[in-house]
Structures are given as structure tokens and as C-alpha cells.
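Architecture at a glance
Residue strings, one per chain:
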Number of protein chains: 2
Amino acid sequence: MARTKGYIRPLDFAGGRIEMTHGSGGKATAQLIDELFIAAFDNEWLRKGNDQAQLALPPGRVVMATDSHVVSPLFFPGGDIGALAVNGTVNDVAMAGARPLYLSAGFILEEGFPLADLRRIVESMARAAAAAGVAVVAGDTKVVERGKGDGLFINTTGIGVLRDGIEISAERARPTDAIIVSGALGEHGAAVLSARGPLGFESTIESDTCALHGLVAAMVDAVPDIHCLRDPTRGGLATALNELAWASGVGMNLMEASIPIPPEVSAACELFGFDPLYLANEGKLLAICPKAQAPVLLDAMRAHPLGGQSAIIGEVVADPLCFVQMTTRLGGQRHVDWRRGDQLPRIC
Amino acid sequence: MARTKGYIRPLDFAGGRIEMTHGSGGKATAQLIDELFIAAFDNEWLRKGNDQAQLALPPGRVVMATDSHVVSPLFFPGGDIGALAVNGTVNDVAMAGARPLYLSAGFILEEGFPLADLRRIVESMARAAAAAGVAVVAGDTKVVERGKGDGLFINTTGIGVLRDGIEISAERARPTDAIIVSGALGEHGAAVLSARGPLGFESTIESDTCALHGLVAAMVDAVPDIHCLRDPTRGGLATALNELAWASGVGMNLMEASIPIPPEVSAACELFGFDPLYLANEGKLLAICPKAQAPVLLDAMRAHPLGGQSAIIGEVVADPLCFVQMTTRLGGQRHVDWRRGDQLPRIC
């Protein structure tokens, strides 16, 4: 095409930095959208240049989820804020049993942020979206002055479609239901911890960030009557279980010996005084289903590449106080309560 | 209900402040969600306590739009960041000709932000959402350390539904089409300017922030073949017209004498050296439609409470360079180009 918007020169992805004008809505914003976002997320919706996307969805209920991402540092072993922002929202949509289809992406950039880092993050988002089979169809870019942000923050909001017959929701846990996790816990939290400068420790642990909708699809095919699904991200397994217990008005009993924790995660927790039950995960899920169907569900999960280490870790019980309790390896009982404080801020 | 999550005491909305633990995903986060967000946005989706909402949409194409809001200051004459965040995204969805239905809201809070201000903003969002007939069905809250944010940022993402027969899109402007605006320009930009401390000036101008979907519904009922709609927010009328000209591969000729600018906005622009054509609006829209249907569209717009001052301000012309030009009051020709820089950063 012979037309040109008259950019003076291409964006300098080697040494350039974000300036206030990149958030002005004028020519500099248009250039950033053209040369970075449309180039990376390339699809028919973004190319139209509208402030919204028109989507033809397959039949079914629409599922919507949103997450703002403020993880620090932006790059960590096994991932970065871009991959996390895509996978986190894909997973929130998937936890209804739905098929994620489309994402929006809203960027808040700090003046002075290196364009090289921004491109690396956006390209990571594009790879994660392609891997998850979702398109980034709508976007927004704002810029704040130096010292009024922290590099970049990314909001992603996702929509997907849920077929009939699936009713997965936080309030559906019932006494005698089985509690299953899809694999080893604590890797994302430990990986981010290892990436933090002064607190950092040497480790080979990588974040488990990945999209779980394929695993979920295999699970609902095997057992359509799954009661609850949740990805135990911020706050970890303990927080997710307390949320479900509360929403359903039930208690839970866990067996510590059944909960898979990698040795490196256990070691890091001992070193820093953390509890792995509260460490964030970005590629694991919790499922609650009728006890009779737990073996079938477990088989389906273990047959999937992302569920090889799946395990039954406990059961739902009647408890008007909605307590999550755990039988320890030594045979004692421990109350696995909500945390008031925070082990690791800005984990996602 | 006799159950309690065991909050030690209710949130202190008089003197309390955001702490890092409000973003931890633990008990403090749960309390903020219960006592502020669910209380304000009260609806069946949030009460379920899921990480996503399940929505039954009416038939039609689904429209999705996202906006992150970083306006400074947070409160300004005629509105605040909360109302702006709702209306801005409602309007982006409406500019496809769609009916907005649901919003998500993602908050990035700075440690130390007053809970009183947060409640005031959230309640303003709730009022704006109720006025626009949309429900806030999904949310997320993150907290960053003092000095790593600027009070709060809000992302809203909206979905709506578009009935058959409407094809409004940026690339549909054609030579001879009429260009119409729905009212006086520049009020939001001038109101935010007046609210900024050292640069502030005394003024009675208020932001025009409001939801435009009702006006849009009246417009598409009257003229289903509207070619383009856009709300001239960041970058103002000039930027919105350049975007549409570029997307459609056409030029535009404006008549300066027809463009409604309130005297107070003109005065502020003269004082500070701004150009009202680049000032942001948050409650106005631009429409482009076939010339023959312009009188009908104009009548429908003027009959609506939000379109009383609607006016035809120019026409689309053939121009391979996609220039937006204007015949000035003195009869001269002016090139209304994209801005490289920014008159007013953080306007929305």
C-alpha cells in the first residue's frame, strides 16, 4: 500500500523507550499499535482499527474473566508477565469448564520503559495466545509518568463459551466429594522468589505458567459432573480451598502425605520460612467431584500431558464453620486457615 | 447467616488505607471484595464467588472492548475515574451499534491509598453502571507498593450484543458521506485541565462523561446504515477523524464554523495555547453516514437528550493521502493532522 501515516522513522526497538506521547492517542500511539501490537497479535479484528471487536461465538453460555498482572520482576525463570497475563486469564475462563476464545489486553506503561523489553513481553503474549488457541482482539495502551508506575502492568480479560450440561461453580462442593490436584505445587511462587534480587536464591525451579483449558476439556469429557474447578494462583492451594469451602458451606480434610510438593520447593520454603500450601501456582488446578467419579477423573487427568502427577489429596466434609483441615504426615490435625498477611506480594 | 469468615473488624472506610495484604488473595482481599465490591456492585455473578462469570446473552454478534484508565487527578469537575471507567467502555462497545450488557473491572491500587477515596470511586462506578444498565460481573484487585503506582488505575472491559443488519466500522466511510457530531466539544479535556493543581484555572466547565448507548440505539433505529461511529476521547475530534480517514482510505473536509465549541472551552484553549479539536470528550460521538440519510439521522440525534446540539460538521472526500482538512471561519484551508505530541497526558 502506497499510503503512509508519515511516521518519521520506525520505532527503535534496540534502544528506544516509552515516552508520554505513546499514550496520547495521536501519531505515536498509532505507530506503537501498528509496529508492535498489530505486528505481534496479527488478526482481522485488530487490523480493522476499531475501538472494539465484533465476534461470532459458537452456541452456549458466555464466560468472562479478568485479571490485572503486576508481577515483579517482569521476567522470571520459566516465564514473564506476558505469558502469565495470557495463561492466567485463559485459565480463569477454563475453570468454568469453558473453551477460551478471545482476549483483550490493556497495557499501562511507565515513561522510560525500554521498547526492547516491551517487545519481548508482547511477543511472549502472542506465543502464549497462539499456543492456547485464543486471539487478542481488543487492546488499549496508556502511559504514566516516570515514578507513577513500575515498568508495565497488563490487564487481560477473556471470554469463552460453555456447552450445555456443565455446571461447575464454587458453591457446588458437597460432603464426601473428592479433592484432586493436577500436579506438584508451589513452582510459580518459588520461581518468582528466586528471581527477586536481594531475597533471591539459587534454584533450578521454573514457573509452571501454562494454559490449562486442554486439560479441562479432557476432564469434562470424562466427568461432566465435576462440581468445582479452581486454579490455585495467588494465595496457593490453601486460599483456593478456603474460598471453595466458604462458597459451598462445607469443610475439607486434606492428607498432607498426598499433596505433591517438589523437593526444591520444600527446600526453598524451609530456607525462607514459607508454607508451600500458600505458594502461587500458574499451571495447576484443583478439582472437586463426586467420590464415585474420582477414579475416572483421575485417570483422565493423568492421561493428559499437564496432569501426569494428579493426585487425590482429600475430601469434602460437613462443617458449619467451613474449616479446611489437614492430617499431617505425623498423624496430627492442622487448621489450614486463610492467611491474613501475604507471603509474597506481586506474585502475578 | 451465622457463618463468618472471621474478619477481626469491619473495614475502616473513614481512616483506613490500602495495605499490601489487600492484594494478597487472602483474608484481607476477601474482606475488601465482600465489604466494598460486592456491596457496591451487588449481583448474582459476584455473589457466587467464582473467578469468572457465566452469562446468557441474547442472539447476535458479541462485541468486546477494553480500556485502562489512568486519569489524573482521580476526581475532577463533573466526574471521577470510576464514572469514566464505566462510561468509556460502555461507549466503546456502543460505537459498534451494540447494546452494552456486562463489564469486568480490574483495580491496581497503590499501598496507602485511602479506603474512603476507593469507596467513593467504586460507588461512582456502581451508579454509572446502573445508569447505563450494565452489570459489573467479574473483577480483580492487585496492590503495588507505595511509589510503584499512582493511587489507582482501573481497567474495564465490556461486552455487548449487536443485532443483525448493523455494519458500523472504521473502514466504511465513503466520499460524499456526511460527518456529524453529537454536541459541543472539549469539555472533558478542559474540566481535567481545570482540576490540575499548578496548571489549574478557575472554570465552570464540567466533564461531559456519560453513557452514549441510548443515543446510539436511537440513531441505528433511525438510520441502520450508519457507516462509522466513534467517540472522540483521547486526542479529540481531530485524532478520531484521522483514524477513520486512514482506516477508510478517504479524506475529510470540515467546516470550522459548524463545529460546536463552548465559549468556556475556547477561552481555556486560548489561555493555555491548546487546540479544542484535540481536546478529549467523554460524552460525545462522531457519526458518518450516507449524505441522503444525514437529515434523518440528525433529527433522531437532536430528539435525544444527549444529542440536542448535534450538527453536520463536514463531509468525506476522495483523497489518496487521507488528509483531514478544514475550511476556517476566515475561508482559509487548514490541514488538521495527527498530533505527534500530546496536549494533555493522562486525560482518561
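Model, not experiment: these values are computed from the prediction. (Residues numbered from 1 in each chain as written. Chains lettered and ligands numbered in written order. Predicted model: local features only at pLDDT ≥ 70, side-chain atom pairs only at ≥ 80, totals over all residues. Heavy atoms only, no water.)

What follows covers the pattern of salt bridges. Pairing between side chains of opposite charge can happen when their charged atoms approach one another. As enumerated under the stated definition, the model contains 32 salt bridges over all chains in all. Across the salt bridge formed by Lys142 of chain A and Asp140 of chain A, the nearest N and O atoms sit 2.8 Å from each other. Lys284 of chain B is the partner of Asp208 of chain B in a salt bridge, and the nearest nitrogen-oxygen pair spans 3.0 Å. You can see Asp208 of chain B sitting in the loop between α5 (187-195) and α6 (213-222) and its partner Lys284 of chain B sitting in the loop between α8 (263-272) and β11 (286-289), a full 76 residues away along the chain. With relative accessibility at 8%, the residue Asp208 of chain B sits in the buried group. Residues participating in the shared-partner salt-bridge network are Asp67 and Arg234 of chain A together with Asp140 and Lys142 of chain B. (Salt bridge = Lys/Arg side-chain N within 4 Å of Asp/Glu carboxyl O. Helix = DSSP H or I, 4+ residues; strand = E, 2+ residues; numbered from the N terminus. Buried < 20%, exposed > 50% of the residue type's maximum accessible area, 1.4 Å probe, protein only.)

Looking now at the sheet that holds strand β14 (residues 333-335) of chain A. Residue and element names in this part refer to chain A. Read across the open sheet, the seven strands follow the order β9-β11-β8-β12-β10-β13-β14; overall the sheet is mixed. In this open sheet, the two strands that pair with only one neighbour each are β9 (228-230) and β14. Taken pair by pair, the neighbouring strands of this sheet meet at an average axis angle of 25 degrees, ignoring direction. Pairing between β9 and strand β11 (residues 286-289): three bridges, direction antiparallel. Note that in β11 the partner of Leu229 across the bridge is Ala287. (Pairing = 2+ DSSP bridges. Axes fitted to C-alpha atoms, helices over the stretch in contact; angles between N-to-C directions.)

Residue and element names in this part refer to chain A. Omega for the peptide link from Ser72 to Pro73 comes to 0 degrees, which places this bond in the cis form. Within the element layout of this structure, Pro73 appears in the loop between β2 (61-69) and β3 (75-76). In this structure, Thr176 takes a positive phi of about 85 degrees despite not being glycine. Non-glycine residue Arg346 carries a positive phi angle of around 55 degrees.

Below, the discussion takes up the sheet that holds strand β1 (residues 53-55) of chain A. The mixed open sheet is built from five strands, whose spatial order is β1(A)-β2(B)-β7(B)-β5(B)-β6(B). Each having just a single partner strand, β1 of chain A together with β6 (135-144) of chain B make up the two edges of the open sheet. Going across the sheet, the axis of each strand differs from the next one's by a mean of 20 degrees, ignoring polarity. Across three bridges, the pairing between β1 of chain A and strand β2 (residues 61-69) of chain B is antiparallel. Each bridged residue has a counterpart across the sheet, and for Gln54 of chain A the counterpart in β2 of chain B is Val63 of chain B. Taken strand by strand, helix α3 (residues 81-94) of chain B contacts β2, β5 (99-110) and β7 (152-162) of chain B, and its axis lies near 150 degrees from that of β2 of chain B. (Contact = heavy atoms within 4.5 Å.)

All names here are of chain A. Partitioning chain A into domains gives domain 1 (20-162) and domain 2 (170-335). Domain 1 and domain 2 are separated by 27 Å when their C-alpha centres are compared. Across the contact, 20 residues belong to domain 1 and 21 residues belong to domain 2. Of the roughly 1,600 Å² buried between domain 1 and domain 2, counting both surfaces, carbon and sulfur atoms make up 62%. Looking at the side of domain 1 facing domain 2, the largest losses of area belong to Pro77, Asn91 and Met95, adding up to 35% of the total buried there. Counting every contact that joins domain 1 to domain 2 gives zero salt bridges. Summed over the shared surface of domain 1 and domain 2, the number is six residue pairs in polar contact (both at pLDDT 80 or more). Of all the elements in the fold, those that place two or more residues in the side of domain 1 that touches domain 2 are β3 and α3 (81-94). The biggest single contributor to the side of domain 1 that touches domain 2 is α3, with eight residues. (Domains from an automatic or database assignment. Buried area = accessible area lost by both parts, 1.4 Å probe. Polar contact = N/O pair within 3.5 Å; in protein donor to acceptor, adjacent residues only side chain to side chain.)

Residues and elements named next belong to chain A. It is at 8 Å that the axes of helix α1 (residues 27-41) and helix α4 (residues 115-132) come closest, and there the two elements cross at 30 degrees. Classified by the interaxial angle, the pair formed by α1 and α4 is roughly parallel. Across from Leu32, Leu36, Phe37, Ala40 and Phe41 in α1, the residues of α4 making contact are Leu115, Leu118, Arg119, Val122, Met125 and Ala126. Of the residues contributing to the contact of α1 with α4, the split by class is 10 nonpolar, no polar and one charged. (Parallel < 35°, antiparallel > 145°, perpendicular 65-115°, else oblique. Nonpolar A, V, L, I, M, F, W, Y, C, P; charged D, E, K, R; others polar.)

To continue, consider the relation of the copies chain A and chain B. Each copy of the sequence occupies a distinct position, and chain A is placed on chain B by a rotation of 180 degrees and an axial shift of 0.0 Å, giving an RMSD of 0.0 Å. The transformation relating the two chain copies, once decomposed into turn and shift, fits a two-fold axis. Scanning chain A for the C-alpha nearest the rotation axis identifies Gly149 of chain A, at a separation of 2.2 Å. Of the interface residues in chain A, 100% have counterparts in chain B that sit at the interface too, so the contact is made through matching surfaces. (Least-squares fit on C-alpha atoms with pLDDT ≥ 70 in both.)

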